[in-house]
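# Analysis of the macromolecular model
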Amino acid sequence: MTVTAPKGFRSASIPVGLKSTGKPDLALVVNDGPERASAAVFTSNRAQANPILWSRSAIAGGAAHAIVLNSGGANCFTGDFGYATTRLTAEAVAREIGSDDAARILVCSTGLIGTGDQTFRDKIVGGVPALVAALAADDRTAASAILTTDSVEKTVVHHGDGWTIGAIAKGAGMLAPGLATMLVVITTDARLDDAALDRSLRAATSASFDRLDSDGCMSTNDQVTLLASGASGVAPEEADFAAALAAVCDSLAAQLQADAEGSSHDIDIEVRGAASVADALEVGRSVARNNLFKAAIFGNDPNWGRVLAAIGTTEAAFDPYSVDVAFNGVRLCHAGAPDRPVEECDLTPRRTHVEIDLFAGNETATIRTNDLTHEYVHENSAYSS
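Residues numbered from 1 in each chain as written. Predicted model: local features only at pLDDT ≥ 70, side-chain atom pairs only at ≥ 80, totals over all residues. Heavy atoms only, no water.

As annotated in an unreviewed UniProt entry, the chain is Arginine biosynthesis bifunctional protein ArgJ from Leucobacter chromiiresistens. Under Sequence similarities (unreviewed entry), UniProt gives the following word-for-word description of the chain: "Belongs to the ArgJ family." Of the comments in the UniProt record for the chain, the one headed Subunit (unreviewed entry) reads "Heterotetramer of two alpha and two beta chains." (UniProt positions renumbered as here; feature names shortened; annotations may be inferred.)

This is how it looks when you write it as C-alpha cells:
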C-alpha cells in the first residue's frame, strides 16, 4: 500500500479510455477523517492548466476532502470549457462520496496540452461513479493510473512513532523547479493542522523537488498535495514530521530522476564552498541545464571545461580561477587548471557525481539532473503522435 498505508484513506483507479493502452487512467484518493487538514504547492509557470486554477482556489477555501487525478490529457489551454470540465469532475466526485462542497475536491490532470474536448469530459465525469465504487482502504493501484511517459511507479511509505506517511508520484519529463515538478499525492494519519502541513510541505519541496532539474522544462500542471486524516490519534512534533516528510519527498525526487525520459546517467551536481545556498543552487542549476555538459556525460566524457564554462555565466560569488571540479571522486580540475588525467575517471556507471568547490564560503547544495541522450530527443519529438 502507498497512499492508503496511513489510516483514514481509501483510493482507487479505473480505465476510462483516455489512454490508448486501456490501462487505468483515472484515480481517486479520499480522506475519510476523522480530521481533514491539507496543503499543496503548485507550478510557478504563469501558464497553468485548468485543474491547477481550480485546486489553487479549492485549497485556499478549506481542507480538501479528496483528490481526483487523470492521465491521458492535461486539460490545459482548453478555455472555459476545460475549466467547466474540472468543475464538473469535482462536483461528480463530491456527489458520489457524500461531500457537501465540490470546492473541497482537488483535481489534477497530466498529459498532452490542448487535450480536453467533450469526449474527454464525458469519459472522466461519466467514470466517477465506478471510480468511487472501487474505493478501498487496501488499494495499491492509484500510483499506476497517473503515469504517462513514466516507465515505473514512484511510491514511498514512512512509518513514524504511531503515525505513517504514504506517497505516490508521477513524472519523467518536464522536470524543472517551480515549487513542484510533477504530480504527487502524499497522505498521513498524523494529527496536524493546515498551517503545520503547509510549512512542512514547502520546506520539503524546496529541498527536494525544487532541486530536481532534469531538462529545464517546467510543466503547466505540476501539483504536490498533502492530506492529513488524524486517524492515528497521534500528534507528532512538527519538526519530527517535517524531517520525515522531507525524507519522503527526497526519495520521490530520486525516483523521478532515475526514470527521466531516455536518460542513461543520473547526475548529482554537488556545489560546495558557496557564499550562500542561493549561490550553490544557481551554480548547480547552470551546469544541470547546460546541454554541452549533459551531452558529454552521455558520451562518458568527464569534460570539466564545460562545467567551468557553465558556472561562469552565473552571478554567484566566486573566483573561476580558484575552483576545483571532480567527477566520481576524481579531481580533474584544481584552481581552474588541469589536475589528474581524465583517463583516471570512469563515467560508465549510471550514477554520476560531480563535485564543484567554489572556495567562496561554507554553504552547499545538490542539484539532480540527467544526461542528454538520443532517446530523450526521439521520445519528445514523437510525444504528440
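There's plenty left to go through after this.
To continue, consider the environment of cysteine 333. Here cysteine 333 is to be found in strand S12 (residues 330-334). Along the sequence, cysteine 333 and asparagine 303 sit 30 residues apart, while their C-alpha atoms lie 10.0 Å from each other. (Helix = DSSP H or I, 4+ residues; strand = E, 2+ residues; numbered from the N terminus.)

The next point concerns the sheet that holds strand S9 (residues 223-228). An order of S3-S9-S8-S7-S6 is seen for the five strands of this open sheet, with the pairing classed as mixed. Each edge of the open sheet carries a strand with a single partner, namely strand S3 (37-42) and strand S6 (154-159). Neighbour to neighbour, the strand axes of the sheet diverge by 10° on average, direction disregarded. Docked against the sheet, helix H5 (residues 194-206) engages S3, strand S8 (183-188) and S9, running at close to 35° with respect to S3. Contacts between helix H6 (residues 238-258) and the sheet are confined to S6, strand S7 (164-170), S8 and S9, with S6 contributing the most and set at about 160° to the helix. (Pairing = 2+ DSSP bridges. Axes fitted to C-alpha atoms, helices over the stretch in contact; angles between N-to-C directions. Contact = heavy atoms within 4.5 Å.)

Moving on to unusual backbone geometry. The residue after glycine 33, namely proline 34, is reached through a cis peptide bond having omega 25°. When you line up the elements, proline 34 lands in the loop between strand S2 (26-31) and S3. Not every positive phi belongs to a glycine, and asparagine 75 is a case in point at roughly 50°. The topology assignment puts asparagine 75 in the loop between strand S4 (66-71) and helix H2 (79-97). Judged by its relative accessible area of 1%, asparagine 75 falls in the buried class. We note that asparagine 328 has phi near 50°; this positive angle belongs to a residue other than glycine. Locating asparagine 328 in the fold gives a position in the loop between strand S11 (324-327) and S12. (Buried < 20%, exposed > 50% of the residue type's maximum accessible area, 1.4 Å probe, protein only.)

Here the focus is the nonpolar core. The biggest cluster of nonpolar side chains holds 46 residues, and the ones touching the most others in it are Leu28, Ile67, Val68, Leu69, Val93, Ile97 and Ile105. Among residues more than four places away in sequence, those in contact with valine 93 are Leu28, Ala66, Val68, Ile105 and Val128. (Core = buried A, V, L, I, M, F, W, Y, C linked by side-chain atoms within 4.5 Å.)

Take the pairing of strand S1 (residues 9-14) next. Counting buried positions along S1 gives five out of six residues, so the element sits mostly inside the fold. In the sheet, S1 pairs with S2 via six bridges, with the strands oriented antiparallel. Along S2, the bridge assignment pairs serine 11 with valine 29.

Tracing the backbone through its elements, the reader meets threonine 352 in strand S14 (residues 351-357). Take threonine 352: its relative accessible area is 0%, and that puts it in the buried class. In contact with threonine 352, other than residues within four places in its own chain, are His265, Asp266, Ile267, Asp268, Ile297, Asn328 and Leu347.

Bringing the UniProt feature "binding site: substrate" (unreviewed entry) in the chain into the picture now. Following the UniProt record, the feature "binding site: substrate" (unreviewed entry) maps to Thr148, Lys170, Thr181, Glu261, Asn380 and Ser385 here. Mapped onto the elements, glutamate 261 comes out in the loop between H6 and strand S10 (266-274).

Summed over all chains, the structure comprises two aromatic pairs. Aromatic side chains tryptophan 54 and tyrosine 83 sit 6.1 Å apart centroid to centroid with 55° between the ring planes, which places their arrangement in the tilted category. With a gap of 29 residues between them, tryptophan 54 in helix H1 (residues 50-61) and tyrosine 83 in helix H2 connect regions that are remote in the sequence. A residue is classified by how much of its surface remains accessible, and tyrosine 83, at 31% relative accessible area, is partly exposed. Geometrically, the ring pair formed by tryptophan 163 and phenylalanine 241 is tilted, given 5.7 Å between the ring centres and 50° between the ring planes. Of this pair, tryptophan 163 sits in the loop between S6 and S7 while phenylalanine 241 sits in helix H6, and the two are 78 residues apart along the sequence. Across the pair, exposure class does not vary: tryptophan 163 and phenylalanine 241 are buried alike. (Phe/Tyr/Trp six-rings, centres within 6.5 Å; stacked < 30°, edge-to-face > 60°.)

What follows deals with the state of the cysteines. A complete count under the given rule lists zero disulfides for this structure. In this structure cysteine 333 is a free cysteine whose sulfur lies 13 Å from that of cysteine 345, the closest cysteine sulfur available. Under the relative-accessibility criterion, cysteine 333 is labelled buried at 0%. (Disulfide = S-S within 2.5 Å.)

This part takes up H1. Helix length check: H1 (12 residues) gives 17 Å between terminal C-alpha atoms against 16 Å at 1.5 Å per residue, within 8%. Looking at H1, one finds that the buried residues are Asn50, Pro51, Ile52, Trp54, Ser55, Ala58 and Ile59. Elements that come into contact with the buried residues of H1 comprise S3, H2, strand S5 (105-110) and S9. Two residues or fewer after H1 comes glycine 62, characterised by a positive phi angle close to 155°. (Expected span 1.5 Å × (residues − 1).)

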